[in-house]
Amino acid sequence: IDFDLILENVKDLNALAGEGISQIEHTPGGARLRQPEPLPLTLYQNGIVMFNGPFRPYEDPSTQQCLQDIMDGYFPSELQMHYPDGI
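Below or above, wherever it landed, is the structure these notes cover. As the structure is a prediction and not an experimental result, all values here were calculated from the model.

**Some details on the overall build of the chain**
Part 1 of the argument: Each helix and strand counted, the chain has two helices and five strands in total.
Part 2 of the argument: The order of helices and strands in the chain, counted from the N terminus, is α-β-β-β-β-β-α.
Part 3 of the argument: At 15 Å, the chain has a C-alpha radius of gyration far larger than the 12 Å of a compact globule built from 87 residues.
Part 4 of the argument: Its C-alpha atoms give the chain principal-axis dimensions of about 50 × 25 × 20 Å.

**Notes on the sheet that holds strand 4 (residues 47-50)**
Part 1 of the argument: Spatial ordering of the open sheet is given by 3-4-5, a layout of three strands whose pairing is antiparallel. Each edge of the sheet is formed by a strand with only one pairing partner; in this case those strands are strand 3 (41-43) and strand 5 (56-57).
Part 2 of the argument: Where strand 4 meets strand 5, two bridges bridge the pair, whose relative direction is antiparallel. Paired with Ile48 across the strands is Arg56, a residue of strand 5.

**Topic: the layout of surface pockets**
Part 1 of the argument: One number sums up the size of the largest pocket: a volume of about 630 Å³.
Part 2 of the argument: Taken together, 23 residues form the lining of the largest pocket, with Asn14, Ala17, Glu37, Pro38 and Leu39 sitting closest to its centre.
Part 3 of the argument: Elements with a contribution of two residues or more to the lining of the largest pocket: helix 1 (3-16) and strand 3.
Part 4 of the argument: For the lining of the largest pocket, the element with the highest residue contribution is helix 1, accounting for three residues.

**Here's the deal with the pairing of strand 2 (residues 30-34)**
Part 1 of the argument: By the bridge criterion, five bridges tie strand 1 (residues 23-27) to strand 2 in an arrangement that is antiparallel. Paired with Glu25 across the bridge in strand 2 is Arg32.

**Regarding the environment of Gly30**
Part 1 of the argument: Here Gly30 is to be found in strand 2.
Part 2 of the argument: With relative accessibility at 36%, the residue Gly30 sits in the partly exposed group.
Part 3 of the argument: Between the alpha carbons of Gly30 and Ile70 there is a distance of 38 Å; along the sequence they are 40 residues apart.

Definitions and limits used
Residues numbered from 1 in each chain as written. Predicted model: local features only at pLDDT ≥ 70, side-chain atom pairs only at ≥ 80, totals over all residues. Heavy atoms only, no water. Helix = DSSP H or I, 4+ residues; strand = E, 2+ residues; numbered from the N terminus. Rg over C-alpha atoms; globule rule 2.2 N^0.38 Å. Pairing = 2+ DSSP bridges. 1 Å grid on protein atoms, 1.4 Å probe; cavity = no way out; pocket = protein on both sides within 12 Å on 5 of 7 lines; lining within 4 Å. Points joined across faces, edges and corners; volume = space filled by probe spheres on them. Buried < 20%, exposed > 50% of the residue type's maximum accessible area, 1.4 Å probe, protein only.

Remember that the coordinates give geometry; whether it matters functionally is a separate question.
Pasting the structure below:
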């Protein structure tokens, strides 16, 4: 696992997802600025935790696919269920 590549690509994906850019959210009385909700990802020596969910060891095939997607420069394909309209 190339952690440097993962960190570099996560930084690029965060920028693509609009990190630090506020969006206008319309409310009944007007509008307000809203920051995109962050998606927590914690890398450990032997696995990851995403969405504050369960620990996922690197040996798990779904973890390997998630990290391969990131190393390839894409959002993890497993996020399609959580974000069907895109990030």
